[in-house]
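# Secondary and tertiary structure notes
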Amino acid sequence: MSEISAIESSKAPEPVGLYPHARRVGNLLFLSGVGPRERGAKKIPGVELDEQGQITSYDIAAQCHSVFRNIRYILEDAGSDWSQIIDVTVYLTNMKDDFPIYNKLWAEYFSENPPCRTTLEINKLPTPIAIELKVIATVE
């Protein structure tokens, strides 16, 4: 049986629950859901909240850039990199409005050898964000 190890990134946002940023099993890396929050910050890139913590407006492009940056941080801290992503599950809270922007940015970030991808609309994420990615990558 392959050794299983937990990966904690020093640059990615702190998990919102009891889980590691990723787990490595053999040469596979399984990332926990990654959103756009920033490490050590309360403000979420691209999100405006009211006094009750409800989203009043958001910029899906800003959130996408932040999510992709957080994924890169976790991959690098785990000894992998962007080119080794093999499968991504994307969760959007507003497919109709956000998919075209997210899809355009996806094509820019994955212009060469894009990974497999599944995109789902869900009604809510655990924090006030509009996008979260679940990633599987390899580690050489």
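Definitions and cut-offs
Residues numbered from 1 in each chain as written. Predicted model: local features only at pLDDT ≥ 70, side-chain atom pairs only at ≥ 80, totals over all residues. Heavy atoms only, no water. Helix = DSSP H or I, 4+ residues; strand = E, 2+ residues; numbered from the N terminus. Buried < 20%, exposed > 50% of the residue type's maximum accessible area, 1.4 Å probe, protein only. Contact = heavy atoms within 4.5 Å. Pairing = 2+ DSSP bridges. Axes fitted to C-alpha atoms, helices over the stretch in contact; angles between N-to-C directions. Phe/Tyr/Trp six-rings, centres within 6.5 Å; stacked < 30°, edge-to-face > 60°. Salt bridge = Lys/Arg side-chain N within 4 Å of Asp/Glu carboxyl O.

## Some points on the environment of Leu-49
Note on placement: Leu-49 falls in strand S4 (residues 47-49). With a relative accessible area of 39%, Leu-49 lands in the partly exposed category. Sequence separation between Leu-49 and Pro-128 is 79 residues, and the spatial gap between their C-alpha atoms is 8.2 Å. Setting aside residues up to four positions removed in sequence, Leu-49 forms contacts with Gln-54, Ile-55, Thr-56 and Pro-128.

## Brief notes about the environment of Pro-128
Take Pro-128: it is sitting in the loop between strand S7 (116-121) and strand S8 (131-138). Taking the C-alpha atoms as reference points, Pro-128 and Leu-29, 99 residues apart in sequence, are found 26 Å from one another. Not counting residues up to four positions away in its chain, the partners in contact with Pro-128 are Ile-44, Val-47, Leu-49, Gly-53 and Ile-55.

## Details of the sheet that holds strand S2 (residues 22-25)
Across the sheet, which stays open at both edges, the six strands sit in the order S1-S2-S3-S8-S6-S7 with mixed pairing between neighbours. Sheet topology places strand S1 (4-7) and S7 at the edges, where each strand pairs with a single neighbour. Between one strand axis and the next, the sheet turns by 15° as a mean value, whatever way the strands run. Docked against the sheet, helix H1 (residues 60-77) engages S1, S2, strand S3 (28-31), strand S6 (85-92) and S8, running at close to 30° with respect to S8. Contacting S6, S7 and S8, helix H2 (residues 95-109) crosses the sheet at an angle of about 160° to S7.

## Quick word on the packing of aromatic side chains
Evaluated as defined, the whole model comprises eight aromatic pairs. Relative to Tyr-109, the ring of Trp-82 lies with its centre 5.9 Å away and its plane at 50°, an arrangement referred to as tilted. A residue pair is termed long-range when its members are at least 10 positions apart, and Trp-82 in the loop between H1 and S6 and Tyr-109 in helix H2 qualify at 27 residues. Ring centres 4.2 Å apart and planes at 40° place the aromatic pair Trp-106 and Phe-110 in the tilted group.

## Description of the pairing of S2
Looking along a regular strand, one sees the side chains alternate between the two faces of the sheet. Taken together, the four bridges between S1 and S2 define a ladder with antiparallel strand orientation. Paired with Ile-4 across the two strands is Val-25, which belongs to S2. Both S2 and S3 contribute to a ladder of four bridges, which runs antiparallel. In the sheet register, Ala-22 faces S3, and the bridge partner there is Leu-31. Connecting S2 to the next strand, S3, in antiparallel fashion are two residues, including Gly-26 with a positive phi near 60°.

## Examining the pattern of salt bridges
All told, the structure shown has four salt bridges when counted by the stated rule. Asp-77 is the partner of Lys-11 in a salt bridge, and the nearest nitrogen-oxygen pair spans 3.5 Å. Taken together, the residues span a long stretch of sequence, with Lys-11 in the loop between S1 and S2 and Asp-77 in helix H1 at a distance of 66 residues. We classify Lys-11 as partly exposed; its relative accessible area is 34%. A salt bridge links Lys-43 to Glu-48, with the shortest nitrogen-to-oxygen separation between them at 3.2 Å. What makes Lys-43 exposed here is its relative accessible area of 51%. The class of Glu-48 is partly exposed, set by a relative accessible area of 42%.

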